[in-house]
Amino acid sequence: MTLHDDAVLVLKEYGDQDELRQAYLDHLAEHPDGMYKPCGAGHLTSSALVIDPSRGRVLLTLHKKLGMWLQMGGHCEPGDATVEAAALREATEESGITGLTLLPGGPVRLDRHPIPAPCHWHLDVQYAALAPADAVAEISEESLDLRWFAYEEVAGVADTSVVRLLEATLARLR
């Protein structure tokens, strides 16, 4: 199974955000290269919100290029077997935390956002990653900063997409 095939399967099984989910599926049907950065019409990305439920906090990265506090994530790579694996790889690379596990149940949310040319859209498949109790975060070269925020602090530092991802993650944890 290719990464493209896996993405289609994941999206077909995702049970929320019907209109946006269909837009992702339409994009993949129209663009065989729609999983990767060179696709000028847009491409899927995969991300994960790193969460520590025992301490009521999330780890956000201050994105180097965007200057915004975001969840860990980015482009799918040819070596990624699944969209889920891409999210876990990105979360591990950008947080420096080994032993992350994705919250069961597949993606937590989808978020489509415009990006500068030559590409036009990121079609982000968003997961949540649970941090082990002894997690020690380590900043990567892709980030200006890396910081734990209490749940209630996130709305004050991050944009609406991160707030919605946190809300959906907390709802799934209940």
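Reading guide: rules and limits
Residues numbered from 1 in each chain as written. Predicted model: local features only at pLDDT ≥ 70, side-chain atom pairs only at ≥ 80, totals over all residues. Heavy atoms only, no water. Helix = DSSP H or I, 4+ residues; strand = E, 2+ residues; numbered from the N terminus. Rg over C-alpha atoms; globule rule 2.2 N^0.38 Å. Buried < 20%, exposed > 50% of the residue type's maximum accessible area, 1.4 Å probe, protein only. Contact = heavy atoms within 4.5 Å. Areas by Shrake-Rupley, 256 points an atom, 1.4 Å probe, with all protein chains shown as cover. Lys, Arg positive; Asp, Glu negative; His and termini not counted. Charge placed at Lys NZ, Arg CZ, Asp CG, Glu CD. Phe/Tyr/Trp six-rings, centres within 6.5 Å; stacked < 30°, edge-to-face > 60°. Lys NZ or Arg CZ within 6 Å of the ring centre and 35° of its normal. Salt bridge = Lys/Arg side-chain N within 4 Å of Asp/Glu carboxyl O. Core = buried A, V, L, I, M, F, W, Y, C linked by side-chain atoms within 4.5 Å. 1 Å grid on protein atoms, 1.4 Å probe; cavity = no way out; pocket = protein on both sides within 12 Å on 5 of 7 lines; lining within 4 Å. Points joined across faces, edges and corners; volume = space filled by probe spheres on them. Nonpolar A, V, L, I, M, F, W, Y, C, P; charged D, E, K, R; others polar.

**With respect to the overall build of the protein**
Piece 1. Across its full length, the protein carries five helices and eight strands.
Piece 2. Along the protein, helices (α) and strands (β) appear in the sequence α-α-β-β-β-β-α-β-β-β-β-α-α when read from the amino end.
Piece 3. A globule of 174 residues ought to have a C-alpha radius of gyration of about 16 Å, and the protein, at 15 Å, matches this closely.
Piece 4. Seen through its C-alpha atoms, the protein measures out along the principal axes to roughly 45 × 35 × 30 Å.
Piece 5. Per-residue burial over the protein gives 50% buried out of 174 residues.
Piece 6. In the protein, of all internal contacts separated by at least 6 residues, the share reaching a separation of at least 24 is 67%.
Piece 7. Carbon and sulfur atoms make up 54% of the accessible area of the protein, which amounts to about 8,600 Å² in all.
Piece 8. Charge separation in the protein, taken as the distance between the mean sites of 14 positive and 27 negative side-chain charges, equals 4 Å.

**Thoughts on the packing of aromatic side chains**
Piece 1. Under the definition given, this model contains one aromatic pair.
Piece 2. Directly above the aromatic system of Trp 148 lies the positively charged group of Arg 57, at a separation of 3.9 Å from the ring centroid.
Piece 3. One Lys or Arg, Arg 112, reaches over the ring of Trp 121 and ends 5.3 Å from the middle of that ring.

**Considerations on the pattern of salt bridges**
Piece 1. Following the criterion strictly, the structure yields eight salt bridges and no others.
Piece 2. Ionic pairing is found between Arg 21 and Asp 18, a salt bridge with its closest N-O pair at 3.8 Å. Taken together, the positions of Arg 21 and Asp 18, both in helix α2 (residues 18–30) and three residues apart, correspond to about one turn of that helix.
Piece 3. Note that Arg 89 and Glu 90 form a salt bridge whose closest N and O atoms lie 3.1 Å from each other. In terms of burial, Arg 89 and Glu 90 fall into one category: buried.
Piece 4. Where salt bridges share partners, they join Glu 77, Asp 80, Arg 89, Glu 90 and Glu 93 into one cluster.

**Digging into the nonpolar core**
Piece 1. Core analysis: the biggest nonpolar cluster contains 33 residues, and Met 35, Leu 44, Val 50 and Tyr 127 have the highest contact counts within it.
Piece 2. Looking at this core, the elements with two or more residues in it are α1 (3–13), α2, β1 (43–52), α3 (83–95), β7 (121–130) and β8 (143–150).
Piece 3. The element best represented in this core is α1, accounting for five residues.
Piece 4. Excluding anything up to four places from it in sequence, Leu 44 contacts Ala 7, Leu 11, His 27, Leu 28, Gly 34, Met 35, Cys 76, Leu 123 and Val 125.

**Points about unusual backbone geometry**
Piece 1. Look at Gln 17: it is not a glycine, yet its phi comes out positive at around 50°.
Piece 2. Of the residues examined, Gln 17 reaches a relative accessible area of 19% and is grouped as buried.

**Section: the layout of surface pockets**
Piece 1. A volume near 940 Å³ is recorded for the largest pocket.
Piece 2. Lining the largest pocket are 37 residues, with His 63, Leu 66, His 75, Ile 115 and His 122 sitting closest to its centre.
Piece 3. At the level of secondary structure, the elements contributing two or more residues to the lining of the largest pocket comprise β1, β2 (57–63), β4 (72–75), α3, β6 (109–114) and β7.
Piece 4. Classifying every residue of the lining of the largest pocket gives 10 nonpolar, 14 polar and 13 charged.

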